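An overview of the molecular structure
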Amino acid sequence: MTATVLWYAGEGPDTSGTYQCLEPCAHPTVPDGTVRAFDVANGTDRVVSFRVGEAPKTAEGYTICCPTSG
C-alpha cells in the first residue's frame, strides 16, 4: 500500500433480476466480492489477493468480504 493507491470494492452487473426498467436505462451494479487497488500515479488497476486468514475489516473488526487465496 502506498500514498497513491486507492482500495475499493469491486462491482459487477446486478443479474438478480430484482430491478425493473425500460431500455434505455442504467442497469444497477452490486459488489462482486473483490477488493481492487487503483494506482493513481500510473493508472494500473488490479485485484487484491488476501492470504488465508486475512480479509479487510471495518474499524469495529467485522470482516467485509472477499474470498482468500491459498
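Check the entry above for the structure.
Worth saying up front: this structure is predicted, and the values here are computed from it rather than measured.

If you walk across this open sheet you meet the three strands as β1-β2-β3, and the pairing is antiparallel. Two strands lie at the open edges of the sheet, namely β1 (5-13) and β3 (44-47), each paired on one side alone. Averaged over all pairs of adjacent strands, the angle between their axes in this sheet comes to 40 degrees, without regard to strand direction. Relative to strand β2 (residues 29-39), β1 runs antiparallel, the two being bridged by eight bridges. Looking across to β2, one finds that W7 is bridged to A37.

Once that is clear, we can look at the packing of aromatic side chains. Counted according to the given criterion, the structure contains one aromatic pair. With 6.1 Å between their ring centres and 75 degrees between their planes, W7 and F50 make a pair best called edge-to-face. You can see W7 sitting in strand β1 and its partner F50 sitting in the segment after β3, a full 43 residues away along the chain.

Two elements, β2 and β3, share four bridges in a ladder whose sense is antiparallel. Its bridge partner being in β3, D39 is matched across the sheet by T44. The antiparallel hairpin formed by β2 and β3 contains four residues in its connecting segment, where G43 sits at a positive phi of about 80 degrees.

Glancing now at the side chain of D39. Relative to the helices and strands, D39 resides in strand β2. Although D39 is buried, it makes no salt bridge; R46 carries the closest opposite charge, 8.0 Å away. Here T4 takes part through its side chain, which lies 3.1 Å from a polar atom of the side chain of D39. Within polar-contact distance, the side chain of D39 engages the backbone nitrogen of A41 at 2.8 Å. Those residues within four positions of D39 in sequence are excluded, and the remaining contacts are T4, V5 and T44.

Rules behind the numbers
- Here the residue numbers are simple positions, counted from 1 along each chain's written sequence.
- Note on the predicted model: pLDDT of at least 70 is required for a residue's local features to be given, and 80 or more for side-chain atom pairs to be given and counted; whole-chain, interface and lining totals, by contrast, use all residues.
- To get the side-chain values, take all heavy atoms of the structure and skip hydrogens and water.
- Strand pairing follows a simple DSSP-based rule, namely that at least 2 bridges must link the two strands.
- Helix and strand assignments follow DSSP, with helices taken as H or I runs no shorter than four residues and strands as E runs no shorter than two, numbered in order from the N terminus.
- Note on method: axes are straight lines fitted to C-alpha atoms, helices fitted across the in-contact stretch only, with angles between N-to-C directions ranging 0 to 180 degrees.
- Side-chain rings of Phe, Tyr and Trp (the six-membered ring for Trp) are treated as a pair once their centres are within 6.5 Å; stacked means planes under 30 degrees apart, edge-to-face means over 60, and tilted covers the remaining angles.
- Partly exposed describes any residue whose relative accessible area lies between the buried limit of under 20% and the exposed limit of over 50%, with all areas from a 1.4 Å probe on protein chains only and scaled to the type maximum.
- For the purpose of counting charges, residues Lys and Arg are taken to be positive, whereas Asp and Glu are taken to be negative. His and the chain ends are not included.
- One side-chain nitrogen of Lys or Arg within 4 Å of one carboxyl oxygen of Asp or Glu is enough to make a salt bridge.
- The term polar contact refers here to a pair of N or O atoms within 3.5 Å; inside protein, the definition further demands a hydrogen-donor-capable atom paired with an acceptor-capable atom, and it admits residues adjacent in sequence only when both atoms are side-chain atoms.
- Contacts were defined at the residue level, with two residues in contact if any of their heavy atoms lie within 4.5 Å.

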